[in-house]
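Now for the letters of each chain:
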Amino acid sequence: MARYTGPKTKISRIFGEPILGNGKWLSKNSNPPGQHGAQRKRKTLGEYALQLREKQKAKYTYGLLEKQFRKTFDEAARRKGVTGENLIKLLEARLDNTVFRMGMSPSRPGARQLVSHKHVTVNGIVVNVPSYQLKPGDVVALKDKSKDNAAVTALVRGKNPKYGWLDFNETSFTGTFITYPERENVPENIKEQLIVELYSK
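Reading the values: the criteria
Residues numbered from 1 in each chain as written. Predicted model: local features only at pLDDT ≥ 70, side-chain atom pairs only at ≥ 80, totals over all residues. Heavy atoms only, no water. UniProt positions renumbered as here; feature names shortened; annotations may be inferred. Helix = DSSP H or I, 4+ residues; strand = E, 2+ residues; numbered from the N terminus. Buried < 20%, exposed > 50% of the residue type's maximum accessible area, 1.4 Å probe, protein only. Contact = heavy atoms within 4.5 Å. Core = buried A, V, L, I, M, F, W, Y, C linked by side-chain atoms within 4.5 Å. Pairing = 2+ DSSP bridges. Expected span 1.5 Å × (residues − 1). Arc of directions from axis to C-beta. Polar contact = N/O pair within 3.5 Å; in protein donor to acceptor, adjacent residues only side chain to side chain.

For the chain, the name recorded in an unreviewed UniProt entry is Small ribosomal subunit protein uS4, with Flaviaesturariibacter amylovorans as its organism. UniProt, in its Sequence similarities (unreviewed entry) section for the chain, records the words "Belongs to the universal ribosomal protein uS4 family." Turning to the chain, the UniProt record has this under Subunit (unreviewed entry): "Part of the 30S ribosomal subunit. Contacts protein S5. The interaction surface between S4 and S5 is involved in control of translational fidelity."

Here it is, written out as C-alpha cells:
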C-alpha cells in the first residue's frame, strides 16, 4: 500500500507549507529540516528542481508513491482535455480522497485506513482499495455495521460546503460523487503544469 509513514512536520518544513495538515507546528518552526536548518537559506531552485518539487508535493499530499503516481499521470495524458487538470481530477476522484473530502475522516491517511479496513461502500458494495476511481453519480457510504461503530462515526465531521462536486448526508453517512471538480475549485496549492513539463522530458 503506497503511503508515507515518516514525520509529517518534516515534510511540511521541506516545502514551507502545511501540505500534510499540520500547520500549527509549521508556524512554530518553518526552517528547513536538519541539524543546520535554521542557518541554511532556502536556495533559488532551477527549472528541474521546481518541477520535481511540485511532483513530490502532489505525491505527499495525496499519499502516492512514484509508480502509482506515474500510472495516474499516464491515464490523465490519455484523456481528452488539459493533462494537468485531468491529473488533479483523477487524484480528487480517488476513493480515499473522496472519503476525506466528504468529512468521514479528518485526514487522508485516516480515510485510507477506513477504506482498507472495509468500512466504506461504493454503490452498496464494500470497496477496500483506496485508489479506486470514482465516477460521477457513484454513492459512497459507511457500511451498515460501521454506522453503529462509535469509534468510526465519532470522526465524521461533515463536508466542507466549498466542495461543490460532492454531496454528503451526515445523518445517513452517505454521499455522492456528483462530478469531477474544476481545477479552480480544488484548494491544493499544486502547480500541475510543472508536473506535466517534468514528465514530458
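Mapped onto the elements of the fold, E192 is located in helix α10 (residues 192–199). Note on E192: relative accessible area 14%, which makes it buried. Once you skip the residues sitting within four places of it in the chain, E192 turns out to touch G84, E85, I88 and R183.

Let's shift gears to the environment of L65. Assignment of secondary structure puts L65 in the loop between α3 (47–62) and α4 (66–78). Residue classification places L65 among the partly exposed positions, given a relative accessible area of 46%. Sequence separation of L65 and Y4 is 61 residues, and the distance between their C-alpha atoms is 8.1 Å.

Time to look at the nonpolar core. Membership of the largest hydrophobic core comes to 38 residues, with the highest contact counts inside it found for F69, L95, V99, M104 and V140. In terms of residue count, helix α5 (residues 83–92) provides more of this core than any other element does, four residues in total. When neighbours within four sequence positions are excluded, F69 is seen to be in contact with K55, A58, K59, L64, L87, L91, I195 and Y199.

Ordered in space as β2-β1-β3-β5-β4, the five strands form an open sheet in which the pairing is antiparallel. Strands at the two margins of the open sheet, each flanked by one partner only, are β2 (125–126) and β4 (166–169). Taken together, the four bridges between strand β3 (residues 138–142) and strand β5 (residues 174–177) define a ladder with antiparallel strand orientation. Note on β5: the bridge partner recorded for V140 is G175.

Attention shifts here to the environment of Q56. Summarising the element assignment, Q56 is placed in helix α3. For the pair Q56 and F69, spaced 13 residues apart in sequence, the C-alpha to C-alpha distance is 9.9 Å.

Moving on to α3. Look at α3: 23 Å from first C-alpha to last across 16 residues, which is about the 22 Å you get at 1.5 Å a residue. Of all the residues in α3, the buried ones are Q51, E54, K55, K57, A58, K59, T61 and Y62. Contact partners of the buried residues in α3: α1 (8–15), α4, α5, α6 (95–101), α7 (108–116) and α10. Just downstream of α3 lies G63, where phi reads positive at about 75 degrees.

Within the sequence span of α7, burial applies to R108, A111, R112, L114 and V115. Each buried residue of α7 lies within a common arc of 160 degrees when the element is viewed along its axis, so the set occupies one face. Its buried side turned inward, α7 meets α3, α5, α6, β1 (120–122) and α9 (150–153). For α7, the N-terminal cap is S107; the gap from its side-chain oxygen to the backbone nitrogen of G110 is 3.1 Å. A positive backbone phi angle near 65 degrees is found at K118, which sits one or two residues after α7.

Another point: the side chain of R183. Tracing the chain through its elements places R183 in the loop between β5 and α10. A distance of 3.0 Å separates a polar atom in the side chain of R183 from the backbone oxygen of E188. Beyond its immediate stretch of four places on either side in the chain, R183 contacts E85, I88, E188, I190 and E192.

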